[in-house]
Amino acid sequence: MDSEIKTRKKVTVAGAGNVGTTTAQLIAEKDLADVVLIDIVDGIPRGKALDILEACPLWHSSAKVTGTNSYDDTADSDVVVITAGLARKPGMSRDDLLQANARIVTQVARDVAKTSPQAIIIVVTNPMDAMAHVVLQASGFPRNRVIGMGGVLDTARMRSFIALETNTHPGDIKAIVLGGHGDLMVPVPRLTMVGDKCITDILPETEIRQIIERTKNGGAEIVGLLKTGSAYYAPAASTVEMIEAMFGIKNEPLPCSVYLDGEYGINGVYVGVPVKLGPDGLQEIIEFDLAEDEKQALDASADAVRQLIKKLQV
Ligand code: APR
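Quick caveat, the model's predicted, so the values are computed rather than measured. (Residues numbered from 1 in each chain as written. Predicted model: local features only at pLDDT ≥ 70, side-chain atom pairs only at ≥ 80, totals over all residues. Heavy atoms only, no water.)

Chemist: It is not clear to me how the overall build of the chain should be interpreted in this structure. Could you clarify?
Modeler: Secondary structure summary: the chain contains 10 helices and 14 strands in total. In terms of C-alpha radius of gyration, the chain reaches 19 Å, essentially the compact-globule figure of 20 Å for 314 residues. Expressed as a percentage of the 314 residues in the chain, the buried residues total 52%. Long-range contacts, defined as pairs at least 24 residues apart, comprise 68% of the intrachain contacts of the chain with a sequence gap of at least 6. Of the roughly 14,600 Å² of accessible surface on the chain, 51% is carried by carbon and sulfur atoms. (Helix = DSSP H or I, 4+ residues; strand = E, 2+ residues; numbered from the N terminus. Rg over C-alpha atoms; globule rule 2.2 N^0.38 Å. Buried < 20%, exposed > 50% of the residue type's maximum accessible area, 1.4 Å probe, protein only. Contact = heavy atoms within 4.5 Å. Areas by Shrake-Rupley, 256 points an atom, 1.4 Å probe, with all protein chains shown as cover.)

Chemist: What's the story with unusual backbone geometry in this structure? I'm lost.
Modeler: Apart from glycine, the bulk of residues carry a negative phi angle, and the bulk of peptide bonds sit in the trans form. With an omega dihedral of -5°, the bond running from Asn126 to Pro127 counts as a cis peptide bond. Its identity is not glycine, yet Asp31 carries a phi of approximately 55°, on the positive side. Along the chain, Asp31 falls in the loop between α1 (18–29) and β2 (34–38). With a relative accessible area of 26%, Asp31 lands in the partly exposed category.

Chemist: Just to check I follow, could you spell out the environment of Ala302 for this structure?
Modeler: Take Ala302: it is sitting in helix α10 (residues 292–312). By relative accessible area, which is 1% here, Ala302 ends up buried. Spatially, the C-alpha atom of Ala302 lies 36 Å from that of Asp72, the residues being 230 residues apart in sequence. Not counting residues up to four positions away in its chain, the partners in contact with Ala302 are Ile266, Val269 and Val271.

Chemist: Is there a simple way to explain the packing of α1 against helix α9 (residues 233–246) in this structure?
Modeler: How two helices sit against one another is set out by the angle between their axes and by the gap between those axes. The N-to-C vectors of α1 and α9 enclose an angle of 50°; their axes lie 8 Å apart at closest approach. Between α1 and α9, the crossing angle belongs to the class labelled oblique. At the point where α1 passes α9, the crossing takes the right-handed sense. Contacts between α1 and α9 pair Val19, Thr22, Thr23, Leu26 and Ile27 from the former with Tyr233, Pro235, Ala236, Ala237, Thr239, Val240 and Ile243 from the latter. (Axes fitted to C-alpha atoms, helices over the stretch in contact; angles between N-to-C directions. Parallel < 35°, antiparallel > 145°, perpendicular 65-115°, else oblique. Left-handed = near helix turned anticlockwise from the far one by under 90°.)

Chemist: In this structure, what is going on with the domain arrangement of the chain? I would like to understand it.
Modeler: In terms of domains, the chain is made up of domain 1 (2–148) and domain 2 (151–312). Taking the mean C-alpha position of each, domain 1 and domain 2 sit 22 Å from one another. Contact residues are listed per partner, giving 41 residues for domain 1 and 48 residues for domain 2. Taken as a group, Arg94, Asp129 and Arg143 account for 19% of the area that domain 1 buries against domain 2, more than any other trio of residues on that side. For the interface between domain 1 and domain 2, the tally reads 2 salt bridges. Between Glu263 and Arg143 there is a salt bridge; the shortest N-O distance is 3.0 Å. Taken together, the connections running from domain 1 to domain 2 amount to 9 residue pairs in polar contact (both at pLDDT 80 or more). Those elements that place two or more of their residues in the side of domain 1 that touches domain 2 are α1, β4 (79–82), α3 (98–115), β5 (120–123), α4 (128–139) and β6 (146–148). Broken down by element, the residue count for the side of domain 1 that touches domain 2 peaks at 8 residues, all from α4. (Domains from an automatic or database assignment. Buried area = accessible area lost by both parts, 1.4 Å probe. Salt bridge = Lys/Arg side-chain N within 4 Å of Asp/Glu carboxyl O. Polar contact = N/O pair within 3.5 Å; in protein donor to acceptor, adjacent residues only side chain to side chain.)

Chemist: I tried to follow α4 on my own but got confused; where do I start?
Modeler: At 3.6 residues per turn, the α-helix brings residues three or four places apart onto the same side. Helix length check: α4 (12 residues) gives 16 Å between terminal C-alpha atoms against 16 Å at 1.5 Å per residue, within 8%. The element α4 is extensively covered by neighbouring structure, given that 10 of its 12 residues are classed as buried. Among all positions in α4, only Met128, Asp129, Ala130, Met131, Ala132, His133, Val134, Val135, Leu136 and Ser139 are buried. Gly140 sits one or two residues past α4 and shows a positive phi near 75°. (Expected span 1.5 Å × (residues − 1).)

Chemist: Mind showing me how you'd approach a nonpolar patch on the surface here?
Modeler: Taken together, the side chains of Ile40, Val41 and Ile44 make up a nonpolar region of the molecular surface, amounting to roughly 310 Å² of accessible area. With respect to the secondary-structure elements, Ile40 resides in the loop between β2 and α2 (44–59). Its relative accessible area of 82% is what places Ile40 among the exposed residues. (Patch = residues over 30% accessible without salt bridge, like charges linked within 9 Å, V, L, I, M, F, W, Y side chains within 5 Å.)

Chemist: Sorry, what's going on with the packing of aromatic side chains here?
Modeler: The tally for this structure, following the rule as stated, stands at 3 aromatic pairs. Considering the side-chain rings of Tyr232 and Tyr233, the 4.7 Å spacing of their centres and the 35° angle between planes classify their relative orientation as tilted. Its relative accessible area of 22% is what places Tyr232 among the partly exposed residues. For Tyr233, a relative accessible area of 59% translates into the label exposed. (Phe/Tyr/Trp six-rings, centres within 6.5 Å; stacked < 30°, edge-to-face > 60°.)

Chemist: What's the story with the pairing of strand β12 (residues 254–261) in this structure? I'm lost.
Modeler: Taken residue by residue, a regular strand's side chains alternate between the two faces of the sheet. Counting buried residues in β12 gives 6 out of 8 residues, a clear majority hidden from the surface. Bridge count between β12 and strand β13 (residues 267–278): 8 bridges; the pairing is antiparallel. Following the sheet pairing, Leu254 is matched in β13 by Val275. The loop that links β12 with its antiparallel partner β13 comprises 5 residues; one of these, Gly262, has a positive phi angle of about 105°. (Pairing = 2+ DSSP bridges.)

Shown next as structure tokens:
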């Protein structure tokens, strides 16, 4: 009914592959929203959605989960997560996916703009920062409603490695990773805390350097082991963390890829920085002073994203 106040959120997940279905599963398990899974392949989104729906009674979740090949069924989504595209194979960098995934996310963004003109889009498809730029252009949405998922994942990876190394609960570890979601990401050890202690006070520099390298290599390490695809549990959980912040369930700032317009002295490019998310997507970019080497590393990372955008000529 038109007069009915809409309270139940609707999240569309474009791409019913590994990341997309795991994201849908987590949303349903947490009963955050109704979920629509959409894919170009016939049957798969409906089959996966049905399987997740049938698990909902066991999770005490009332989420309605459906699958489709038509954007009409995704209409008026509050959030659209784009995972559609190709995943990495061993030996491939995220950047190798550039042209093919740009074509795919362009089409998805256009369809989303038509059917869910007020949605917030979370871009997961790699190379993520460049794909967020493509989605911004193709959707015509303002920058607060097109946000990339990368920093939350990189930070989670770093926290998990620190937890292993220090035998601490990962919940007690705070870390921050800035920059693009690629080889030039910028972990910031001086702001990485284990309890109330800075990591630089409890681990030797060589071990911190190894953790940083493993974090930068986190995606490739998993691709190397899986051989036929890339990571999906932590990427999906990171995406859901962002959705929970948008829905007001969580309140902590998160490192996300956003289109910078002078913040951190960077212009016209998507890059990971700490932000506050809310019901309109990007609520606030949190700026803090960077040390000279951190600023240089962030600039280099932003430049690498710019180079990809140049190759795409968008
Ligand atoms: N519209 C909708 N879905 C599409 C489209 C499209 N135009 N093109 C491809 N897809 C679907 C594929 O059919 C497939 O089901 O996207 C899905 C991708 O799933 P996987 O191959 O399992 O890839 P996944 O591991 O989920 O990764 C997806 O996220 O983390 C990134 O690097 C990763 O770019 C990759 C993306």
